[in-house]
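# Structural overview
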Amino acid sequence: MMIKDSIHGFIETSEEEEKIIDAPEFQRLRHIRQLALAHLVYPGANHTRFEHSLGTMHIAGKIATRLNLDVRKARLLGLLHDLGHVAFSHESERVLSKYLGTHEEIGKKIIENSTISDVVFSNYSKKEFFSGPEMEIIEHDLGADRLDYLNRDSYYTGVAYGVIDEGRIVSTISLDKKTKKIYLERGGLEAAESMLIARFMMFFTVYFHKTVRIASAMLQKAIEQSINSGAVTPEDFIHGWDDEMLSKLSKSNEFAKRILQRKLYKLAYELPFSEENVRLAKQLESEKVIIDLPYSVYKLRGFDVEIDGKKKKMDECSVLVRDLKEAEKSKLKIFVICEESRKKKTAEEVEKILKK
């Protein structure tokens, strides 16, 4: 089967890949947006986990081919890497992980307990499939997952920061035959720098956009309240879709109703992230005031770059990448969010607490 993808052009799939794609567990990903509620700010951001999974599979196959690894396994891992995403993906996972585990854990359970297992485990044991350098192809700092979603998110949001040189990176990735670890050749250093900086910029331009954060914080409140009231169960999000679950939540939850109508809360105040400011801001948290905390996005697992025959860590080779961790500190903000009618009063309350 040939699939026309907006980012990669034609993607060819095998018969066994088609069996997985046609499975209801995979078809559900057509209804899970890649960027959850970002379409409330960027109207074009309606792309889904379905097409991202196809793109990740495609890139994983190219990397595995270059490294002379198991192409079939790498493509299957790429295809299935997001199978466990619940409705609203990462935004809801911040609430639901304590009930359900991570999307990786959920994905493994779905694979093991569905017809997909007939395809996946026909040639591999469970331990074999979820390990090895083919898994690193997906999860690496320069891996197929990031290579796809950065270009895809940039394309659909219309934001230029995420555009990366996928071809250059793929063509300069190598595999250490002794350690079975992926490293980067010197010729790919600048492309890798550009990619890691692009990811950093996409977080603070798109994923952490002020209004996206507000909508996501309201969603998380809606999910927690609805679970506590018994209106929904955590398991509903494994089987439900974004729009389906938002409609279900909105029948009994005011936050969800407001998201559905795009009547969002406003930012009353923002504070630099610190333990002391978290403590102060938490004093204001109530049914009408949300305190939204940021989290680190630097998340560099670390990989080697070969320069003059010697391998060095990426953050040792690049001042630009090393400085991203420091640059992040100035961008992490605590948001104090409330209804527009309470905005002035809430800001005054923050100022009063800060003066004490």
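For the structure, see preceding data.
Everything numeric here is computed off the predicted structure, so don't read it as measured data.

Turning our attention to the overall build of the protein chain. Scanning the protein chain from N- to C-terminus turns up 20 helices and nine strands. Its C-alpha atoms give the protein chain a radius of gyration of 22 Å, within 12% of the compact-globule value 21 Å for 356 residues. Seen along its three principal axes, the alpha-carbon backbone of the protein chain occupies a region of about 60 × 50 × 35 Å. Among the 356 residues that make up the protein chain, the fraction classed as buried is 56%. Within the protein chain, counting contacts between residues at least 6 apart in sequence, those at least 24 apart form 72% of the total. Accessible area for the protein chain stands at about 16700 Å²; split by element, carbon and sulfur atoms hold 49% of it. Side-chain charges of the protein chain comprise 57 positive and 57 negative groups, with the mean position of each set lying 5 Å from the other.

Our focus in this paragraph is a positive patch on the surface. Together, Lys210, Arg262, Lys266 and Lys343 make up a region of like positive charge exposed at the surface. Tracing the chain through its elements places lysine 266 in strand β5 (residues 266-272).

According to the stated counting rule, one finds three cavities of 30 Å³ or more in the structure shown. Taken as a whole, the largest cavity encloses approximately 80 Å³ of empty space. As for the largest cavity, its lining consists of Leu196, Arg199, Phe200, Val297, Tyr298, Leu300 and Leu324. It is helix α12 (residues 189-207) that contributes the most residues to the lining of the largest cavity, three residues altogether. Across the lining of the largest cavity, the residue classes tally to six nonpolar, no polar and one charged. Of the voids in this model, the second largest cavity is the one considered here, and its volume is about 50 Å³. If you go around the second largest cavity, the residues you meet are Gly84, His85, Val86, Ser89, Glu93, Leu96, Ser97, Leu100, Gly101, Thr102, His103 and Ile106.

A few words now on the sheet that holds strand β6 (residues 289-292). Spatially, β5-β9-β6 is the arrangement adopted by the three strands of the open sheet, whose pairing is antiparallel. What marks the edges here is a single partner per strand, and that holds for β5 and β6. Strand after strand, the sheet turns through a mean of 20° between neighbouring axes, direction not considered. Bridge count between β6 and strand β9 (residues 333-338): four bridges; the pairing is antiparallel. Counterpart to isoleucine 291 in the pairing with β9 is valine 336. Helix α13 (residues 210-229) contacts β5, β6 and β9 of the sheet and is inclined by roughly 115° relative to β6. Each of β5, β6 and β9 is contacted by helix α20 (residues 343-355), which is oriented at about 20° to β5, the strand it contacts most.

Looking now at helix α17 (residues 275-282). The set of residues buried in α17 consists of Asn277, Val278, Leu280 and Ala281. Buried positions in α17, seen along its axis, are confined to an arc of 165° and lie on one side of it. As for α17, its buried residues are in contact with β5, β6, β9 and α20.

For the structure on display, the rule yields 12 aromatic pairs. Ring centres of phenylalanine 129 and phenylalanine 130 lie 5.1 Å apart, and the angle between their planes is 80°; this geometry places the pair in the edge-to-face category. A centroid spacing of 5.5 Å and a plane angle of 70° characterise the contact between phenylalanine 203 and phenylalanine 208, whose relative ring orientation is edge-to-face. Classification of phenylalanine 203 by relative accessible area gives buried; the value is 10%. In this structure an aromatic cluster arises from ring pairing among Phe200, Phe203, Phe204, Tyr207, Phe208 and Tyr295. Sitting over the face of the ring of phenylalanine 50, arginine 30 holds its NZ or CZ atom 4.0 Å from the ring centroid. Taking the ring centre of phenylalanine 204 as reference, the NZ or CZ of lysine 331 above it sits at 5.8 Å.

Now for the side chain of histidine 85. Assignment of secondary structure puts histidine 85 in the loop between α4 (71-80) and α5 (89-100). A polar side-chain atom of histidine 85 sits 3.3 Å from a polar atom in the side chain of arginine 49.

A few words now on the pattern of salt bridges. This model, assessed by the stated rule, comprises 23 salt bridges. Close ionic contact of glutamate 17 with arginine 75 constitutes a salt bridge, the shortest N to O distance being 2.7 Å. In this pair, glutamate 17 sits in helix α1 (residues 15-22) while arginine 75 sits in helix α4, placing the two residues 58 residues apart along the sequence. The closest approach of N and O atoms between arginine 258 and glutamate 339, which form a salt bridge, is 3.3 Å. Taken together, the residues arginine 258 in helix α16 (residues 254-260) and glutamate 339 in the loop between β9 and α20 connect sequence positions 81 residues apart. Note on arginine 258: relative accessible area 17%, which makes it buried. One salt-bridge network, held together by shared partners, links Asp5, Asp148 and Arg152.

Calculation notes
Residues numbered from 1 in each chain as written. Predicted model: local features only at pLDDT ≥ 70, side-chain atom pairs only at ≥ 80, totals over all residues. Heavy atoms only, no water. Helix = DSSP H or I, 4+ residues; strand = E, 2+ residues; numbered from the N terminus. Rg over C-alpha atoms; globule rule 2.2 N^0.38 Å. Buried < 20%, exposed > 50% of the residue type's maximum accessible area, 1.4 Å probe, protein only. Contact = heavy atoms within 4.5 Å. Areas by Shrake-Rupley, 256 points an atom, 1.4 Å probe, with all protein chains shown as cover. Lys, Arg positive; Asp, Glu negative; His and termini not counted. Charge placed at Lys NZ, Arg CZ, Asp CG, Glu CD. Patch = residues over 30% accessible without salt bridge, like charges linked within 9 Å, V, L, I, M, F, W, Y side chains within 5 Å. Salt bridge = Lys/Arg side-chain N within 4 Å of Asp/Glu carboxyl O. 1 Å grid on protein atoms, 1.4 Å probe; cavity = no way out; pocket = protein on both sides within 12 Å on 5 of 7 lines; lining within 4 Å. Points joined across faces, edges and corners; volume = space filled by probe spheres on them. Nonpolar A, V, L, I, M, F, W, Y, C, P; charged D, E, K, R; others polar. Pairing = 2+ DSSP bridges. Axes fitted to C-alpha atoms, helices over the stretch in contact; angles between N-to-C directions. Arc of directions from axis to C-beta. Phe/Tyr/Trp six-rings, centres within 6.5 Å; stacked < 30°, edge-to-face > 60°. Lys NZ or Arg CZ within 6 Å of the ring centre and 35° of its normal. Polar contact = N/O pair within 3.5 Å; in protein donor to acceptor, adjacent residues only side chain to side chain.

Nothing here speaks to function; it is all geometry.
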